[in-house]
There are 2 protein chains.
Amino acid sequence: MIETPYLLFLGDAPDQLAAKVAQGIRDWRPENVVGQLRLQGCKADVKVPDMGLDAARAAGAKTLVIGVANRGGVISETWKAELHTALEQGFDLASGLHSLLRDEADLVATAKAHGRQLFDVRVPQVKYPIANGKKRSGKRVLAVGTDCSVGKMYTALAMDREMRARGLKSTFRATGQTGILVTGDGVPLDAVVADFMAGAVEWLTPDNDADHWDHVEGQGSLFHASFSGVSLALIHGGQPDALVLAHEPVRAHMRGLPDYALPSLAALRDTALPLARIVNPACRVVGVSVNTAAMGEDEALSYLEKVEREMGLPAADPFRQGAGRLVDALEGT
Amino acid sequence: MIETPYLLFLGDAPDQLAAKVAQGIRDWRPENVVGQLRLQGCKADVKVPDMGLDAARAAGAKTLVIGVANRGGVISETWKAELHTALEQGFDLASGLHSLLRDEADLVATAKAHGRQLFDVRVPQVKYPIANGKKRSGKRVLAVGTDCSVGKMYTALAMDREMRARGLKSTFRATGQTGILVTGDGVPLDAVVADFMAGAVEWLTPDNDADHWDHVEGQGSLFHASFSGVSLALIHGGQPDALVLAHEPVRAHMRGLPDYALPSLAALRDTALPLARIVNPACRVVGVSVNTAAMGEDEALSYLEKVEREMGLPAADPFRQGAGRLVDALEGT
């Protein structure tokens, strides 16, 4: 578990998109953020106070989070001086980059000398069990996608926020590196060894109060040839009581697979629900989350109406409209 | 790739079952075996010539395969003297045990001193790609099970042997440690990192002659909560042209999951086939392979007749009856 609050390291981010991890943390857990640290030439800004290491420590920051991704996902040499100083001043470091903090011998040495920790959230930290399939208390909802990267994480975070705003018991359960950095905890599922995938999801979503909802972050798609096994492990480890279908309507083909068309939402429902009912016979599909970012307002609203009519389910874009209707649907279960 | 032929090391196996890996190699690839090496107290016998290291080397053996599993899957200290001598005499060592040869510092040192290799077939040796889903030439058949350990590997090995006996182009593709030791090559799929599972199966079953069949060894079950993700990765990486349904009819519940009943063969067909058609729209279910070991002859034959009638598919027990009818069904595709 990564200690909060964070100072967000934006480094020399060449544009705003390069800081999307920092932006995600700032959007979803502003209470975990004391400020941002930007080096000379940084072109990103996540709209929190600019702060040096000293000031951030004084404000209570415990961890410097690398919230920037450069080409290749490497730890830039131009960041190193600041990272060393952070360790010396008592910060832990956390990163979701492909290149690992633990592979940088100089950082490892400084961390050791100062008793600090390096968190590479792409690397599993836990020896996960093999799944046992036993029914757990509490409730779980999982977004399943027609494709990868259609807004499953956003949907789960938005529904979790809405439930907490209503005073309901709710936890977002991260299964990818951005989600883990947002919350400080989770399972980097795509890096878990095959035999332990479903067990890792069981571990992540343990017994809970009967009226508590886990919002399990989805991964991949049952229809995506490269990653479908991860998606099924999430369904069978997660024992969802509710599924939300997630879709992005303007894609020409499956992400990274030019020969594959996207399935229909009906095909996704008819594939995912029977698989979920193997582990939870009471599972229901409660709604559709559509990423309408590429559509104008009128087009988006009429598309959502059409989906709602065709599927007989509430359909909403949680970014455009909030997650209220999806949470209403969940509360009805 | 492990060099053949092998000398099979049975150690001090306490009973015949403890030598089942050696038995599998001897049954399926007798041409890869020069003999067996048994220590004092060994209670197993796979019916090949008893042979010391010197004689086995003289007979051409290249690798000493640990064909015995003891409780806990460890490399016994009582085996060590013989293993060291084998390395000194020019054998490589291969093992599918949970404990790894590479973690035994003394064996590593001896192997290094004599330029020999240690093969731990549970550990992936290759940096597998992410699956690309591209259509490959040649044909592939995969057994999918109602449960784990219902005879999927046996079915694939038996069909491969039958096809080769008929002079057809056929390769068994191992995805588990026993299969890898049998053939000397394969992918230990349950130990592959999640993101690369389907890519590992694509790597294992590359382009081939149009009339060549890969018999891909199945793993897990789509209905098994612990391992279903591995099964789906096999389907989506393997792009099967044909599925064989594998079943063991006398189980009270799913293996290791007392709360889960086995699915019907019809449910397995209706779940697996649409998932396979995502990557190969021409995929068909061609037959049913039933492990009737727990039934008498009459009971087995009448059960197989019933399955055949209900499913409208050839049903056979390849151990009891041979794989001829399943191969006939495959050739009809």
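Residues numbered from 1 in each chain as written. Chains lettered and ligands numbered in written order. Predicted model: local features only at pLDDT ≥ 70, side-chain atom pairs only at ≥ 80, totals over all residues. Heavy atoms only, no water.

Q: Explain helix α8 (residues 228-238) of chain B here, please?
A: Every α-helix winds through 3.6 residues per turn, so residues three or four apart in the chain are directed the same way. When you tally the buried positions in α8 of chain B, you get 11 out of 11 residues, the bulk of the element. Where α8 of chain B is buried, its residues meet α7 (197-204) and α8 (228-238) of chain A together with β6 (139-145), α7 (197-204), β8 (212-216) and α9 (265-279) of chain B. A positive phi of about 50 degrees marks Gln239 of chain B, the residue just after α8 of chain B. (Buried < 20%, exposed > 50% of the residue type's maximum accessible area, 1.4 Å probe, protein only. Helix = DSSP H or I, 4+ residues; strand = E, 2+ residues; numbered from the N terminus. Contact = heavy atoms within 4.5 Å.)

Q: Would you take a moment to explain the environment of Arg161 of chain A for this structure?
A: Residues and elements named next belong to chain A. If you trace the backbone, Arg161 turns up in helix α5 (residues 152-165). The exposure class assigned to Arg161 is partly exposed, which follows from its relative accessible area of 37%. Once residues within four sequence positions are removed from consideration, Arg161 is found in contact with Asp27 and Trp28. Within the structure, Arg161 has its side chain in polar contact with the backbone oxygen of Asp27 (distance 2.7 Å). (Polar contact = N/O pair within 3.5 Å; in protein donor to acceptor, adjacent residues only side chain to side chain.)

Q: Could you clarify how one ought to interpret the sheet that holds strand β11 (residues 315-316) of chain B in this entry?
A: Residues and elements named next belong to chain B. In spatial order, the strands read β7-β8-β6-β9-β10-β11; together these six strands make up an open sheet with parallel pairing. Where the open sheet ends on each side, the last strands, each with one partner, are β7 (169-173) and β11. With two bridges connecting them, strand β10 (residues 284-290) and β11 associate as parallel partners. When the bridges of β11 are listed, Val288 appears paired with Ala315. (Pairing = 2+ DSSP bridges.)

Q: Sorry, what's going on with the pairing of β8 of chain B here?
A: Moving residue by residue along a regular strand, the side chains alternate between the two faces of the sheet. All names here are of chain B. Of all five residues in β8, five are buried, a share of seventy percent or more. Examined bridge by bridge, β6 and β8 share four bridges and lie parallel to one another. When the bridges of β8 are listed, Val141 appears paired with His215. Here β7 runs beside β8; their pairing, made up of five bridges, is parallel. Its bridge partner lying in β8, Arg173 is registered against Val216.

Q: Explain the pairing of strand β3 (residues 63-66) of chain B to me, please; I cannot follow it from the model alone.
A: Residues and elements named next belong to chain B. Side chains of β3 alternate between two faces, with Thr63 and Val65 and Leu64 and Ile66 buried alike. Two strands pair when backbone bridges link them, and β3 and strand β4 (residues 92-95) are joined in this way by four bridges, in the parallel orientation. Residue pairing for β4: Leu64 is matched across the bridge by Leu93. Each parallel crossover has a hand, and the one from β3 via helix α3 (residues 80-88) to β4 is right-handed. (Right-handed = clockwise from strand over helix to strand, strands pointing away.)

Q: Hey, could you run me through the interface of chain A and chain B in this one?
A: One frequent convention defines the size of an interface as the accessible area lost when the parts assemble. Taken together, the 34 residues of chain A in the interface contact 34 residues of chain B. Summing both partners gives a buried area of about 2600 Å² for chain A against chain B, and 62% of it is carried by carbon and sulfur. Of all residues in chain A, Asp195, Tyr260 and Ile278 of chain A bury the most surface against chain B, accounting for 19% of the area lost on that side. Run the count over chain A and chain B and you get zero salt bridges. (Buried area = accessible area lost by both parts, 1.4 Å probe. Salt bridge = Lys/Arg side-chain N within 4 Å of Asp/Glu carboxyl O.)

Q: Which parts of the structure should I look at to understand the nonpolar core?
A: For soluble globular proteins, the rule of thumb is that nonpolar side chains tend to be buried together. Within the largest apolar cluster, 91 residues are counted, with the highest numbers of intra-cluster contacts made by Leu189, Met197 and Leu243 of chain A together with Leu189 and Leu243 of chain B. Judged by nonpolar contacts, the second largest core, of 66 residues, contains Ile66, Ala86, Leu93 and Leu118 of chain B. (Core = buried A, V, L, I, M, F, W, Y, C linked by side-chain atoms within 4.5 Å.)

Q: In this structure, what is going on with unusual backbone geometry? I would like to understand it.
A: Glycine aside, a negative phi is what most residues show, and trans is what most peptide bonds show. The linkage connecting Thr4 of chain A with the following residue, Pro5 of chain A, adopts the cis geometry, with an omega of 0 degrees. Note that Pro5 of chain A resides in the segment before β1 (6-11). The residue Ser149 of chain A is not glycine, and still its phi comes out positive at about 55 degrees. Relative to the assigned elements, Ser149 of chain A resides in the loop between β6 (139-145) and α5. Ser149 of chain A gets classed as partly exposed once you look at its relative accessible area, which sits at 43%. Not every positive phi belongs to a glycine, and Lys47 of chain B is a case in point at roughly 60 degrees. Note that Lys47 of chain B resides in the loop between β2 (33-38) and α2 (53-58).

Q: Any chance you could explain the sheet that holds β4 of chain B here in plain terms?
A: Strand pairs in the sheet, formed through backbone hydrogen bonds, run parallel or antiparallel to each other. All names here are of chain B. Overall, parallel pairing links the five strands, which are arranged β2-β1-β3-β4-β5 in an open sheet. The sheet is open, and its two borders are formed by β2 and β5 (118-120), each paired with just one other strand. Each strand of the sheet is rotated relative to its neighbour by a mean of 20 degrees, with strand direction disregarded. In the sheet, strand β1 (residues 6-11) pairs with β3 via four bridges, with the strands oriented parallel. (Axes fitted to C-alpha atoms, helices over the stretch in contact; angles between N-to-C directions.)

Q: Looking at this model, I keep getting lost on the relation of the copies chain A and chain B. Mind explaining?
A: Both copies of the chain are placed relative to one another by a rotation about an axis and a shift along it. It takes a turn of 180 degrees to lay chain A on chain B, together with a shift of 0.1 Å along the axis; the resulting RMSD is 0.1 Å. When the rotation and shift are considered jointly, the pair of chain copies conforms to a two-fold rotation axis. Both copies present the same face, since 100% of the interface residues in chain A are matched by interface residues at the equivalent positions in chain B. (Least-squares fit on C-alpha atoms with pLDDT ≥ 70 in both.)

Q: What am I meant to see in the packing of α8 of chain A against α8 of chain B here?
A: Between two packed helices, the angle of one axis relative to the other and the distance separating the axes together describe the packing. Where α8 of chain A meets α8 of chain B, the closest approach of the two axes is 7 Å, and the angle between their N-to-C directions is 155 degrees. If you check the angle between α8 of chain A and α8 of chain B, you find them roughly antiparallel. In terms of crossing hand, the pair formed by α8 of chain A and α8 of chain B is right-handed. Between α8 of chain A, through Ser228, Gly229, Leu232, Ala233 and His236 of chain A, and α8 of chain B, the contact on the second element is made entirely by Ser228, Gly229, Leu232, Ala233 and His236 of chain B. (Parallel < 35°, antiparallel > 145°, perpendicular 65-115°, else oblique. Left-handed = near helix turned anticlockwise from the far one by under 90°.)

Q: Help me understand the environment of Thr4 of chain B in this model?
A: Residues and elements named next belong to chain B. Its place among the elements puts Thr4 in the segment before β1. For Thr4, a relative accessible area of 34% corresponds to the partly exposed category. With 273 residues separating them in the primary sequence, Thr4 and Arg277 have C-alpha atoms 38 Å apart.

Q: I tried to follow the confidence of the model for chain A on my own but got confused; where do I start?
A: Any residue range with low pLDDT should be treated as having predicted coordinates unsuitable for detailed reading. With 100% of its residues at a pLDDT of 70 or more, chain A has an overall mean of 96. The ipTM assigned to the predicted complex is 0.94, against a pTM of 0.94. (pLDDT = per-residue confidence, 0-100.)

Q: What am I meant to see in the pattern of salt bridges here?
A: Where side chains of opposite charge bring their charged atoms close, a pairing between them can arise. Residues and elements named next belong to chain B. As enumerated under the stated definition, the model contains 44 salt bridges over all chains in all. Measuring nitrogen to oxygen at the nearest pair gives 3.8 Å for the salt bridge that ties Arg140 to Asp214. Taken as a pair, Arg140 in strand β6 and Asp214 in strand β8 lie far apart in primary sequence, 74 residues in all. When the shortest N-O distance is used, the salt bridge between Asp160 and Arg164 registers 3.2 Å. Of this pair, Asp160 and Arg164 both sit in helix α5 (residues 152-165), four residues apart, which is roughly one turn of the helix. Given the relative accessible area of 35%, Arg164 is considered partly exposed.

Q: Is there a simple way to think about the side chain of Lys80 of chain A in this case?
A: Residues and elements named next belong to chain A. Note on placement: Lys80 falls in helix α3 (residues 80-88). Looking at Lys80, the relative accessible area reads 6%, which means it is buried. Those residues in contact with Lys80, other than ones at most four positions away along the chain, are Ile75, Glu104, Asp106 and Leu107.

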